[in-house]
Amino acid sequence: MTRFAAIADLLKQDRPGFSLPQQLYVGEDAYHFDAEVMLKSVWLYACTVAHVKNPGDFYLFELGETSAIIVRGRDGEVRAFHNTCTHRGAKLCDARTGHVPRIMCPYHQWTFGLDGKLLAARNMPPEFEKSAYGLRPLALENVGGLIFVCFAENPPPIDRAKADIAEQIALYDLGRLKVAVQDDLIEPANWKLVMENNRECYHCDVSHPELLKSLSTYGFGKGLPEDGEADVVDDAKFDAMLEEQRQRWEELGFYRDLVEFPDGWWHRVARLPLAHGAVSQTLDGKVASQKLIWPHGEEPTSLSIWTQPNSWHHFCCDHVVTFSLVPLGPDKTLLRTSWLVHEDAVEGVDYDADNLAAVWRATNKQDSKLASLNHAGIRGDGYRQGMYSVEEKLVDAFKTFYVERGVAALAAQGA
Amino acid sequence: MTRFAAIADLLKQDRPGFSLPQQLYVGEDAYHFDAEVMLKSVWLYACTVAHVKNPGDFYLFELGETSAIIVRGRDGEVRAFHNTCTHRGAKLCDARTGHVPRIMCPYHQWTFGLDGKLLAARNMPPEFEKSAYGLRPLALENVGGLIFVCFAENPPPIDRAKADIAEQIALYDLGRLKVAVQDDLIEPANWKLVMENNRECYHCDVSHPELLKSLSTYGFGKGLPEDGEADVVDDAKFDAMLEEQRQRWEELGFYRDLVEFPDGWWHRVARLPLAHGAVSQTLDGKVASQKLIWPHGEEPTSLSIWTQPNSWHHFCCDHVVTFSLVPLGPDKTLLRTSWLVHEDAVEGVDYDADNLAAVWRATNKQDSKLASLNHAGIRGDGYRQGMYSVEEKLVDAFKTFYVERGVAALAAQGA
Amino acid sequence: MTRFAAIADLLKQDRPGFSLPQQLYVGEDAYHFDAEVMLKSVWLYACTVAHVKNPGDFYLFELGETSAIIVRGRDGEVRAFHNTCTHRGAKLCDARTGHVPRIMCPYHQWTFGLDGKLLAARNMPPEFEKSAYGLRPLALENVGGLIFVCFAENPPPIDRAKADIAEQIALYDLGRLKVAVQDDLIEPANWKLVMENNRECYHCDVSHPELLKSLSTYGFGKGLPEDGEADVVDDAKFDAMLEEQRQRWEELGFYRDLVEFPDGWWHRVARLPLAHGAVSQTLDGKVASQKLIWPHGEEPTSLSIWTQPNSWHHFCCDHVVTFSLVPLGPDKTLLRTSWLVHEDAVEGVDYDADNLAAVWRATNKQDSKLASLNHAGIRGDGYRQGMYSVEEKLVDAFKTFYVERGVAALAAQGA
C-alpha cells in the first residue's frame, strides 16, 4: 500500500526512550494512517455493559469516518454492527445512545433485527435475496464488563488481557452498575499526545491539584516495588504506604499482583493505595455515592486499568470512572468519560452528579490544555525527538506499542 | 490527466441497479472531479428569465471555485460572463443579485458594458489593447425561460431538451413571472445524494406529510402507464386518477405525453394529476397566489420537469417552484429554491410568502436530513454498493447519467 | 524536492508586467510552498525593539505551523528561539506577548534562561546531557530598531538593507517608543494579494477617503522625480509639492534620496511630503500624540519604508505605524498593525488611542475587502494573468521578488 510509504519511513525513525518524529504526531497522513489502518488493526475499548444494560439498548462507537452500533440482543448478548444500511447506505442510528425494538433505517424503513438480520424491505426486484442484506458485524469481546471492538477481519489475540482484567474487576460487577454521568471532551491535540499525557505523572504535581487530593504520584509510572527496577524517584513514602495496606488487602482477599504490559500485551492492572486517607477519587476523599459497589467497605484503595491504545479506568469502592478515546482529526481527539455508580443509587439522594465527576472533569480539562500545547509546539520547526525522563517509561511503552502495531499493520497490507 | 486516475477506476465499478462505490459519494477527489470536470462538461440549470427581468439585472451562478454573472443586456439578451476582472482578477459582482448600468470592478474601476466589452481602464501602458480585455463569456441557453449555462468550450447538444421543455412550459410564460421567495439551503451531504433523494418517492410516505397533501406518490418513479413496463407497485388508483383527468386535459388542449430521459438525453417532462383534489402544491391544496399564471383556471394538475444533473421544477396554475443545486464541498450542497408568481401579484394581497413556500420549505428540510444520514452512513466501512428497489429506477437513471458523462469527460481530457 | 515540482512549473509561467498564474495565488500547494520554503528562505519583519522593551519581555512571531519567541535577554540583547520545548515538544510561551524571568515549559517545568540555555530538568536518565538541550536559536537582526528574523540556516545578506534603513530611521529612535495600539486583522485573501494591494495606490482614490486626507497618491508607485523615468501620470502637482519642501528639508538636514529596491535588494525608503498641510497621518492632519518623536517639530512629511516580502512602515513626527504580515492559509493572512508613540506619552492625556489608529484601521479594513475580492475572482476559471497599469510598477517589483526568491529557494533544495 504505497499510500502510507512515508509513514513506514517515519515509523523507522523511532528511537527507544525518545518521542516520535514530528509528522507522526501532527501530519495529516499519520492521522489517516492511525484512523484507517493502525487503530483498525487492534482491539479498542468502546464502553461498558452498563452502557447497553437491557435488550434493545444501543450505543454508538465511532472511529474516523466509520460508525458502529453496539447493541444488546433479545438473548442478552452484546453485538456490534456497522451503522450503515445495506440498501443505499444511510446511517441507521443517529442518536449516540438509545433503545429500539429493532433497527429501522430512517430513509426507506428497511428493518433489521437486534441480531442484524434483515426483516423487511419493500418493493425489491425479484432477484433480491433478503438473507444477503443483513447488517455487517464487527468483532466484539466482553472483558469482564468492558466492551472491546475490533474493525479487523482477523482481530489480534485478546485472551490474556481478558483473563487478567476480568479476574480483577469481577469484584466490582459492572453488570450491576449504571452510567450516572458522561462527558465528551474534544481535545485540540493528536490522540497519541492525549494518550502520552495519560501515561505519566511527571506533569501532575504542578497541574492537577484536584487529582492529587487522592492520588499518590509515587505509584504512577515508576512501577510498583516488586518489579525490581532501579528508580531515581524517592519512593520510600509510597512503598511504606503500599506495604502498610498490602497486608490488610491480602487478608481481605482482594490483593493481586501488578500486571504491567506483559510481553506483547497491551494491558496494565494495578491495585494502588489512595493518598491522604482518601477512600475514593473525590475532592474531599470521601465516597461520592452512598451505595458501595464492592463488598469490602470504604478502603483507601483503587484498582486501575490501562489499555493500549485508547483507554484507562479507575475502580473505587463507590464508583467507576472509565475513559475511551478516539481521534477525530490530526489535532482533534474525543475523550469520553463515564462515571458509573450502583444501579440502585439515586441521584440527589445517594450521589451528587457534579461531585461525582468533579476530580476527573477538572483533570481532563487541565490535561487537554497540556496536550494542546504539546501539539502546538511539535508543529514548529524547532521540534526534535526528545528524551523521556525516568518518570515517563509508560509513555515509552505506549509509544512502542504504537510503533510496533503500526509496522505490523503496514506489513499486513503488504506495504 | 493522471490526477483523476482513481476516479476513472471508481467509475468502472458502477453496477446497473446498484448505488455508486463509496469514494464517488464521499471522497475529496470525487468532489474535485465533479466540480472541476464532470459538472463543467454538461449543461447546468442556473435560474429563470424572471431572475434577470430587466436590462442590467444580474444574477450570480457559482460552481466550486468559479463564479458566473448572468446579466440581461440593453438589447434584452441574457448573457453569461466569468465574474473575474481581466485586469488583476478581482471578483466583479459580489452581491448575489442586483442591478447595474454597467459592470465596474470595485478594485480599480475598470468598466465593462453589459455585453462584456471593456469600456474604460486608466493609465495602462501603450501596448495595452482594450479590445483584448473584455469579459470572458460562457455558453448560455434560454430554454423557454429556464436559463442553462455550460462551462465547457464545446457544450454538448441541447436542442432536443430545449424543444421538449420549451414547448410544454410555454403555457406558464416565465417572462411574465417574478421571484416571490428564494431560499438557500446548505445540505450536509454530497450533491449526488441530494439528487438521488429527489429522484424517488420510495421515502415519501414516512418523511413528507406536507408534500403528500397534494402529491400522489403513485405517479412518481415508476413511469406513467404508457411506458408499458411491469411494475410491482399497485398503481391502480393512480392510473384511474390519471385517466379521469387525461381526457379532460386533452379536450382543454394542454395534455402532452410523458418525456422520460430520451435515449442519451437528460430531461423528463411529466403532466401529473395532483392528489386529494388539490389544485396547487400547498398545505391546503388551494392556490397560494390569486393571480393565476396559465389560462385554464384551477385544475388539479401540475407540470413537472427534472433535468440531469442539477434541477427540478414544478409548474402549478398559480405558481412555479424551481430548484437548482450545486456542490460546495464533498459533503456540502447548495440547494436554491425559487418560488415564482405572476408579476402583477402583490404580496400580502394576492399571496402570502410563507404559505407559498410552506410545502417545499418543509420538504427540503426533511430531504436534507435524509441526505445527510445517507452521506454519514456511506462514509462508514460497512458501506457496500446497494441494490435499488423497483421504485428507484429514476435514481438509477441519474446515477447512470453521472457515470456516463463522467467517463466521457475524462476521455475528453485524454485520461 | 519533488513535492513542489508543480510550483516550479508555475513560477516559470511568470511574465514581466503581468500578475501571477492562478494557482500561485489560490492553490493549497502554493501556500505550503510559501509558508514552508519561500518565506523561510528570506528575512521577515517581525516587530520593533519597542515590542520587547525590557529584559524578559517576549513577543511571538509565528509563520505557518512554526512559532518563534523573540525575547530580550538580561544583557539587553534581543534573541529569537523556536517556541518548542526540547523535552517532549510543548509550546513554551502560549501568550502572544509577556514578561518572564526565565522560560519555563508549562508541561513538565523544564526551565531555560533568556539566552536559551537549559537550566533545569527533573529526573532525567544518567546519559542526559543538559547542554545539548538548550532552545534552538533563529537568525535575528536588529535593523535600527526593526527586528527581522530568518528561519533559514544560512540567511541571505542583510547588510545593505540594514545600512539604508537604520540610517534613515535613526531620527525617530525606536528604542524610546512604546506600543500604544496593536491590531490583528485576518484578511480572507492570499498574503501575496495583501502585499500587492499595499504596493500600489491605483485603487486609492475611490477606496481610501481617510488615508487621502494626508497621503498624496502622486508620490506613490511612480517613483520620485529623480529616478528619471518617464511616467504617464500627471505628477506636476506632486513634483511642485516635493520641490517646495525638499529645499527646506535639506536645510534641516534630514532629507535623504529615495532608495528604491536597489538591484537584488528588498527595501524601499522614501521621504514623502504629506498632502493638504497634514503633519501626521491622521483624520484631521494634526498630530495624534502631543509628545513628538523627532527633533524637527511638526513638518508636513513622513518617512516610509517598504520591505519585501512582508512589511511596511510610516514614520510621522509624532508616531510610527508598522505592519507585519504572515500567511495563515491559502486564503487567510494575518496583518498585524502596531502604532508606536513616545514612551513618555500618556494615553488620554497626550494621545487618544482610537484617534491614533483611525486612519490605518479604516484603510486596512478597506484593503482587506479589496484583497478578498481579488482572491475570490482569481479562483474563478475566468482568471488569466493580467497586465499591470503604469501605476502598479511596485506590484511588479514585489511579484518579481517573490518569483526570484521562490526559484532560488527551490534550487537550494535541489528541485
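Model, not experiment: these values are computed from the prediction. (Residues numbered from 1 in each chain as written. Chains lettered and ligands numbered in written order. Predicted model: local features only at pLDDT ≥ 70, side-chain atom pairs only at ≥ 80, totals over all residues. Heavy atoms only, no water.)

(A) Main features of the relation of the copies chain A and chain C. Structural alignment of chain A on chain C gives an RMSD of 0.0 Å, achieved by rotating through 120° and translating 0.1 Å along the axis. These values place the two chain copies in the arrangement generated by a three-fold rotation axis. For chain A, the smallest separation between a C-alpha atom and the rotation axis is recorded for Glu28(A), amounting to 8.1 Å. (Least-squares fit on C-alpha atoms with pLDDT ≥ 70 in both.)

(B) Highlighting empty space enclosed by the protein. Residue and element names in this part refer to chain C. Tallied over the entire structure, the rule returns 12 cavities of 30 Å³ or more. When its volume is computed, the largest cavity comes out at roughly 180 Å³. Mapped onto the lining of the largest cavity, the elements with two or more residues apiece are helix 5 (191–198), strand 15 (311–315) and helix 8 (353–378). By residue class, the composition of the lining of the largest cavity is 10 nonpolar, seven polar and three charged. (1 Å grid on protein atoms, 1.4 Å probe; cavity = no way out; pocket = protein on both sides within 12 Å on 5 of 7 lines; lining within 4 Å. Points joined across faces, edges and corners; volume = space filled by probe spheres on them. Helix = DSSP H or I, 4+ residues; strand = E, 2+ residues; numbered from the N terminus. Nonpolar A, V, L, I, M, F, W, Y, C, P; charged D, E, K, R; others polar.)

(C) Expanded view of the domain arrangement of chain A. Residues and elements named next belong to chain A. On domain assignment, one finds that chain A holds domain 1 (43–155) and domain 2 (159–392). A C-alpha centroid distance of 30 Å is found between domain 1 and domain 2. Each partner contributes to the interface: domain 1 provides 23 residues, whereas domain 2 provides 29 residues. Taken together, the two surfaces of domain 1 and domain 2 that pack against each other cover about 1,800 Å², and 64% of this comes from carbon and sulfur. Counting across the interface, domain 1 meets domain 2 through three salt bridges. Between Lys 53 and Glu 343 there is a salt bridge, with its nearest N and O atoms 2.9 Å apart. Seen at the junction of domain 1 and domain 2, the total is 10 residue pairs in polar contact (both at pLDDT 80 or more). If you list the elements that add at least two residues to the side of domain 1 that touches domain 2, you get strand 1 (44–48), strand 2 (57–63), strand 9 (137–143) and strand 10 (146–150). For the side of domain 1 that touches domain 2, the element with the most residues is strand 2, which contributes five residues. (Domains from an automatic or database assignment. Contact = heavy atoms within 4.5 Å. Buried area = accessible area lost by both parts, 1.4 Å probe. Salt bridge = Lys/Arg side-chain N within 4 Å of Asp/Glu carboxyl O. Polar contact = N/O pair within 3.5 Å; in protein donor to acceptor, adjacent residues only side chain to side chain.)

(D) Structural view of the packing of helix 5 (residues 191–198) of chain B against helix 9 (residues 393–412) of chain B. Residues and elements named next belong to chain B. Direction vectors running N to C along helix 5 and helix 9 enclose 145°, while the axes themselves pass 8 Å from each other. Two packed elements cross with a definite hand, and for helix 5 against helix 9 that hand is right-handed. Taking contact as the criterion, the partners of Trp 191, Lys 192, Met 195 and Glu 196 in helix 5 are, on helix 9, Val 395, Phe 398 and Tyr 402. Class assignment for the residues of the contact of helix 5 with helix 9 results in five nonpolar, no polar and two charged. (Axes fitted to C-alpha atoms, helices over the stretch in contact; angles between N-to-C directions. Left-handed = near helix turned anticlockwise from the far one by under 90°.)

(E) Broad picture of the sheet that holds strand 13 (residues 267–273) of chain C. Residues and elements named next belong to chain C. Read from one edge to the other, the open sheet built from seven strands follows the order 11-17-16-15-14-13-12, with strand pairing classed as antiparallel. At either margin of the open sheet sits one strand with a lone partner, and together these are strand 11 (177–187) and strand 12 (259–260). Its contacts with the sheet place helix 5 against strand 11, strand 14 (301–307), strand 15, strand 16 (320–329) and strand 17 (332–342), and it is angled at close to 150° to strand 16. Set on the sheet, helix 7 (residues 236–252) makes contact with strand 13 and strand 14; between it and strand 13 the angle comes to about 90°. (Pairing = 2+ DSSP bridges.)

(F) Layout of the environment of Glu343(B). Residues and elements named next belong to chain B. Within the secondary structure, Glu 343 is located in the loop between strand 17 (332–342) and helix 8 (353–378). Taking the relative accessible area as the measure of exposure, Glu 343 reaches 33% and is therefore partly exposed. A C-alpha to C-alpha distance of 8.9 Å links Glu 343 and Gly 175, two positions 168 residues apart in sequence. When near neighbours in sequence (up to four residues on either side) are disregarded, Glu 343 contacts Lys 53, Gly 175, Arg 176, Leu 177 and Lys 178. (Buried < 20%, exposed > 50% of the residue type's maximum accessible area, 1.4 Å probe, protein only.)

(G) Layout of the interface of chain A and chain C. Contacts between the two partners involve 32 residues from chain A, matched on the other side by 28 residues from chain C. In total, about 2,600 Å² of surface goes out of reach between chain A and chain C, with carbon and sulfur atoms giving 49% of it. Contact with chain C buries area across many residues of chain A, yet Tyr202(A), Leu373(A) and Met387(A) alone supply 27% of it, more than any other trio. At the surface where chain A touches chain C, the tally comes to six salt bridges. For the side of chain A that touches chain C, the elements supplying multiple residues, two or more each, are helix 5 (191–198), helix 6 (204–207) and helix 8 (353–378) of chain A. Among the elements that take part in the side of chain A that touches chain C, helix 8 of chain A stands out by supplying seven residues, more than any other. In the side of chain A that touches chain C, the residues fall into 14 nonpolar, 10 polar and eight charged.

(H) Region of interest: the sheet that holds strand 3 (residues 66–72) of chain C. All names here are of chain C. One open sheet accounts for seven strands, arranged 1-10-9-4-3-2-5; its pairing is antiparallel. In this open sheet, the two strands that pair with only one neighbour each are strand 1 (44–48) and strand 5 (97–99). Geometrically, the sheet is characterised by an average inter-axis angle of 30° between neighbouring strands, direction not taken into account.

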